[in-house]
Amino acid sequence: MQNLKTSLKNNPKFRFIADFLRPFTRRAYLVGGSVRDLLLGLELRDFDIEIYDLEPKRFESIMQKLGAKGFGKSFWVYKFQNYDLALARTESKIAHGHRGFELRLCDDERLGARRRDFTCNALMINLFDLSFLDFYGGREDLQNKILRHIDPQSFKEDSLRVLRALNFIARFAFSIAPQTKQLMSCMDVSDLSAERINAELYKFFSGENLALAYKALQELGLERRLFGVSFEDEGFFSLLEGARRFVKDEALFLYLYLNYFGLDPSAFFQKTRLKKSLLTKVNQPFFREDPSDLELLKIGLDMPIKSWLGCYSAARISQAKRLKIHTRKFQSKIKADALIRQGFAGKALGLKLKEARNLEFKKYLQEVGSVQSADKGAQI
């Protein structure tokens, strides 16, 4: 803990919130993802603070003094800059939906930690003396990269936790403890709105470990429930794993998933209500096999190949660099305006433009080939 304590003591934002809260309580803790990320050696950008020994009205007054805004006043949660500050509480499910919970103030840190989803997110660090609390073996699970639920009853009351597991897997390459996987497989996510589901899916799509997260999506029975389809194809897992090493865009999963399995993008997006900006990227050209030089040049008319989601292998990157279109678009000298001035219009214009571009591409490929041959001769 020495390095952890040192890093917190040297963090001005941590010291600021500790000094601000010190006159009001002796029990305020850094909790949840903040502690998890610290232990993983990640930069602490957001501060999740849980506070004890304050009544709601007193807490509200203190938050007003800080300049914090309540974004969940009924949940006793306030936000100030990159601090989320909340009163310690317990939750009981009383109604359908993600927000159908009854809250009570909590005076026991063990009970406060018990309401959290996974053991690795139930760790606590006191803001003032930096003492470390781990009631449920979260630190060991974190070291072993295991997602393990704490309390079966409270866990299954919040169906969003099934989806949260996916983004933890995509982000950290966690595995799910067998008992937790069995519990999540039986949980119903139909009470969640499309907005809440998609907010978690976007985190999954942005993760580094797409293949692992997709496998979990299938094992938990979520693929059919969320997407309306289900596939078993080991080749797709390999494609996901390899492609992510080269392409970091959040649209990569959907681009590969919809095109590889031949799904209708418009129908898929209508069903899932995912953001339309992803649909635009999904409709980029897709090739199961590596494209020819001519096909790559055609893509290069619209974008540098490094911006193409299909540029997900060393071979395709090398090909684009050889054609000098990896970091810049293909600079065509054929302009539609010039053809229009020559009298072409409508369908005839389209055909003439295609013909002229094809001739330009072939000439360019010959020139590039000649330059390459000359370079090779010089090297010999």
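Residues numbered from 1 in each chain as written. Predicted model: local features only at pLDDT ≥ 70, side-chain atom pairs only at ≥ 80, totals over all residues. Heavy atoms only, no water.

## Describing the overall build of the protein chain
Argument step 1. From N to C terminus, the protein chain includes 20 helices and 11 strands.
Argument step 2. Relative to the 2.2 N^0.38 estimate, which gives 21 Å for 380 residues, the radius of gyration of the protein chain is 27 Å and therefore markedly larger than a compact globule would have.
Argument step 3. Within the protein chain, the fraction of its 380 residues that count as buried is 49%.
Argument step 4. Sequence-distant contacts, at least 24 apart, represent 66% of the contacts inside the protein chain between residues at least 6 apart. (Helix = DSSP H or I, 4+ residues; strand = E, 2+ residues; numbered from the N terminus. Rg over C-alpha atoms; globule rule 2.2 N^0.38 Å. Buried < 20%, exposed > 50% of the residue type's maximum accessible area, 1.4 Å probe, protein only. Contact = heavy atoms within 4.5 Å.)

## Observations concerning the side chain of Gln319
Argument step 1. Assignment of secondary structure puts Gln319 in helix α18 (residues 314-322).
Argument step 2. Accessibility expressed as a relative area gives 9% for Gln319, which makes it buried.
Argument step 3. For Gln319, the side chain forms a polar contact with the side chain of Asp293, separated by 2.9 Å.
Argument step 4. If near-sequence neighbours (up to four positions away) are discounted, Gln319 is found in contact with Pro291, Ser292, Asp293 and Leu296. (Polar contact = N/O pair within 3.5 Å; in protein donor to acceptor, adjacent residues only side chain to side chain.)

## Concerning the packing of aromatic side chains
Remark: the centre distance and the inter-plane angle together describe each pair of aromatic rings, the angle taken between the planes.
Argument step 1. In the structure shown here, the tally under the stated rule is 35 aromatic pairs.
Argument step 2. Residue placement shows Arg316 over the ring face of Tyr312; its charged tip is 4.6 Å from the ring centre. (Phe/Tyr/Trp six-rings, centres within 6.5 Å; stacked < 30°, edge-to-face > 60°. Lys NZ or Arg CZ within 6 Å of the ring centre and 35° of its normal.)

## Focus: the pattern of salt bridges
Argument step 1. Per the counting criterion, the structure on display carries 22 salt bridges.
Argument step 2. Among the salt bridges present, the one from Arg116 reaches Glu50, with a minimum N-O distance of 3.2 Å. Residue Arg116 is found in the loop between α5 (109-114) and β8 (124-126), and its partner Glu50 is found in strand β2 (residues 47-51); the two are separated by 66 residues along the sequence. Each member of the pair, Arg116 as well as Glu50, is classed as buried.
Argument step 3. Residue Arg148 pairs with Asp141 through a salt bridge whose shortest N-O separation is 3.0 Å.
Argument step 4. A relative accessible area of 29% places Arg148 in the partly exposed class.
Argument step 5. By sharing partners, the salt bridges in this structure join Arg27, Asp53, Asp107 and Glu109 into a single network. (Salt bridge = Lys/Arg side-chain N within 4 Å of Asp/Glu carboxyl O.)

## Overview of the pairing of strand β1 (residues 28-31)
Argument step 1. Burial of the side chains of β1 extends over both faces: Ala28 and Leu30 are buried on one face and Tyr29 and Val31 on the other.
Argument step 2. With 3 bridges connecting them, β1 and β2 associate as antiparallel partners. Bridged to Ala28 within β2 is Ile51.
Argument step 3. Bridge count between β1 and β8: 3 bridges; the pairing is antiparallel. Across the sheet, the residue bridging to Tyr29 is Asn126, located in β8. (Pairing = 2+ DSSP bridges.)

## Examining the nonpolar core
Soluble globular proteins: nonpolar side chains tend toward being buried together.
Argument step 1. In terms of nonpolar packing, the biggest core is built from 79 residues, with Tyr214, Phe236, Phe253, Leu256 and Tyr257 touching the most fellow members.
Argument step 2. Apart from the residues lying within four places of it in its own chain, the contact partners of Phe236 are Tyr214, Phe253, Leu256, Tyr257, Tyr260 and Phe261.
Argument step 3. In this structure, Val35, Leu38, Leu85 and Leu127 belong to the second largest nonpolar core, which totals 34 residues. (Core = buried A, V, L, I, M, F, W, Y, C linked by side-chain atoms within 4.5 Å.)

## Here's the deal with the packing of helix α14 (residues 252-260) against helix α15 (residues 265-272)
Any two packed helices are characterised by how steeply their axes cross, that is the angle between the axes, and by the distance between the axes.
Argument step 1. Put simply, α14 and α15 touch, their axes get as near as 10 Å, and they point 125° apart. Considered as vectors, α14 and α15 are oriented oblique to each other. Handedness of the α14/α15 crossing: right-handed. On α15, the residues that touch Leu254, Tyr257 and Leu258 of α14 are Pro265, Phe268 and Phe269.
Argument step 2. The residue makeup of the contact of α14 with α15, split by class, is 6 nonpolar, no polar and no charged. (Axes fitted to C-alpha atoms, helices over the stretch in contact; angles between N-to-C directions. Parallel < 35°, antiparallel > 145°, perpendicular 65-115°, else oblique. Left-handed = near helix turned anticlockwise from the far one by under 90°. Nonpolar A, V, L, I, M, F, W, Y, C, P; charged D, E, K, R; others polar.)

## Section: the confidence of the model for the protein chain
Argument step 1. Averaged over every residue, the pLDDT of the protein chain is 91; the share at 70 or more is 93%.
Argument step 2. Scored below 50 in pLDDT, residues 376-380 makes 0 contacts in the model with residues more than four places away or belonging to other chains. (pLDDT = per-residue confidence, 0-100.)

## Describing the pairing of strand β4 (residues 77-80)
Argument step 1. In this sheet, strand β5 (residues 83-87) lies alongside β4 in antiparallel orientation, the contact comprising 4 bridges. Bridge pairing in β5 places Val77 opposite Ala86.
Argument step 2. Counting the residues in the hairpin turn of β4 and β5 gives 2 residues, including Gln81, whose phi is positive at 50°.

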